[in-house]
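Below are the chains, spelled out letter by letter.
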Amino acid sequence: MISKSQSISVRLSEDDYAYLMAIRQNGALTQSDKVRELIAMAREAVGTESFARSFITASDSMAPYRARYKSPESDRSIMNEAVFDLLTESAAIIQSQDSKACAADLERHLFPVVSDMLRRLLPPLLAQSGGTLLNNDLAEQLQQQLLTDFSHLNCANRKE
């Protein structure tokens, strides 16, 4: 489909005209080029379909919570860090999906994030190694539950 351009006419104050003419991004020379570049800059500033921009926004949103729940380095919780990373990356992925993305696309992008969290959390939960957990009694309870669940899964897979 051929896209047609729309012609517009505007009146600008001297200051706005000077600002418009000062735009030099992407080789904008003519008034039309400069208006198009100004629109592109505005879209870029408010758009969320960029993973990098969404990640920065999500990181900025999570920063105060990371700071609030950060333990001294010797008592850093791998659980808290993994969950904060999961939330930050998941939010960025969800925000950066274009409007045509479907649930399968989102899941495909979330798989590595969830996989990373599991790889980080399973060693300290199952073997009590590979990171610090601040609530050892809860970790032991979860360890027992996970081992039971894995045993049931293993038995179910053998029956099939």
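Please refer to the structure placed before this passage.
This is a predicted model, so every value here is computed, not measured.

## What to know about the overall build of the chain
Next up, step 1: Scanning the chain from terminus to terminus reveals six helices and zero strands.
Next up, step 2: The secondary structure elements of the chain, listed N-terminal to C-terminal, are α-α-α-α-α-α.
Next up, step 3: On C-alpha atoms alone, the chain measures out to a radius of gyration of 25 Å, which is more than a quarter above the 15 Å that the 2.2 N^0.38 rule sets for 160 residues.
Next up, step 4: Here the C-alpha coordinates of the chain stretch approximately 75 × 45 × 20 Å along the principal axes.
Next up, step 5: A burial count over the chain gives 19% of its 160 residues as buried.
Next up, step 6: On the chain, roughly 12,300 Å² of surface is accessible, and the fraction owed to carbon and sulfur atoms is 55%.
Next up, step 7: Seen as two clouds, the 17 positive and the 21 negative side-chain charges of the chain have centres 6 Å apart.

## Observations regarding the nonpolar core
Next up, step 1: Counting 12 residues, the largest nonpolar core is built from Ile 78, Ala 82, Leu 86, Ile 93, Leu 110, Val 113, Met 117, Leu 121, Leu 125, Leu 133, Ala 139 and Leu 146.
Next up, step 2: Elements represented by at least two residues in this core include exactly α4 (78–96), α5 (103–127) and α6 (136–159).
Next up, step 3: Tallying contributions element by element places α5 first for this core, with five residues.
Next up, step 4: Apart from the residues within four sequence positions on either side, Ala 139 is in contact with Leu 125 and Leu 133.

## Describing the environment of Asp 85
Next up, step 1: With respect to the helices and strands, Asp 85 occurs in helix α4.
Next up, step 2: In this structure the C-alpha to C-alpha distance between Asp 85 and Met 117, which are 32 residues apart in sequence, comes to 8.1 Å.
Next up, step 3: In contact with Asp 85, other than residues within four places in its own chain, are Arg 66 and Arg 120.
Next up, step 4: Side-chain polar atoms of Asp 85 contact the side chain of Arg 66, separated by 2.5 Å.

## Overview of the pattern of salt bridges
Next up, step 1: Within the structure shown, the criterion is met by six salt bridges.
Next up, step 2: Its salt-bridge partner being Asp 85, residue Arg 66 comes within 2.5 Å of it at the nearest N-O pair. Remark: Asp 85 occurs in helix α4 and Arg 66 occurs in helix α3 (residues 51–68); sequence separation between them is 19 residues.
Next up, step 3: By sharing partners, the salt bridges in this structure join Arg 66, Glu 81, Asp 85, Asp 116 and Arg 120 into a single network.

## Observations concerning the packing of α5 against α6
Next up, step 1: At a minimum axis separation of 8 Å, α5 and α6 run at an interaxial angle of 100°. In this view, α5 runs roughly perpendicular relative to α6, as classed from their interaxial angle. Contacts from Leu 122, Leu 125, Leu 126 and Ala 127 of α5 reach α6 at Ala 139, Leu 142, Gln 143, Leu 146, Leu 147 and Phe 150.
Next up, step 2: In the contact of α5 with α6, the residues fall into nine nonpolar, one polar and no charged.

## A look at a nonpolar patch on the surface
Next up, step 1: Side chains of Ile 8, Val 10, Leu 12 and Tyr 17 sit close together on the surface and give an oily, nonpolar patch of about 400 Å² of accessible area.
Next up, step 2: Structurally, Leu 12 is set in the segment before α1 (14–22).
Next up, step 3: Judged by relative accessible area, Leu 12 falls into the partly exposed class, the value being 42%.

The rules we used
- Residues numbered from 1 in each chain as written.
- Predicted model: local features only at pLDDT ≥ 70, side-chain atom pairs only at ≥ 80, totals over all residues.
- Heavy atoms only, no water.
- Helix = DSSP H or I, 4+ residues; strand = E, 2+ residues; numbered from the N terminus.
- Rg over C-alpha atoms; globule rule 2.2 N^0.38 Å.
- Buried < 20%, exposed > 50% of the residue type's maximum accessible area, 1.4 Å probe, protein only.
- Areas by Shrake-Rupley, 256 points an atom, 1.4 Å probe, with all protein chains shown as cover.
- Lys, Arg positive; Asp, Glu negative; His and termini not counted.
- Charge placed at Lys NZ, Arg CZ, Asp CG, Glu CD.
- Core = buried A, V, L, I, M, F, W, Y, C linked by side-chain atoms within 4.5 Å.
- Contact = heavy atoms within 4.5 Å.
- Polar contact = N/O pair within 3.5 Å; in protein donor to acceptor, adjacent residues only side chain to side chain.
- Salt bridge = Lys/Arg side-chain N within 4 Å of Asp/Glu carboxyl O.
- Axes fitted to C-alpha atoms, helices over the stretch in contact; angles between N-to-C directions.
- Parallel < 35°, antiparallel > 145°, perpendicular 65-115°, else oblique.
- Nonpolar A, V, L, I, M, F, W, Y, C, P; charged D, E, K, R; others polar.
- Patch = residues over 30% accessible without salt bridge, like charges linked within 9 Å, V, L, I, M, F, W, Y side chains within 5 Å.

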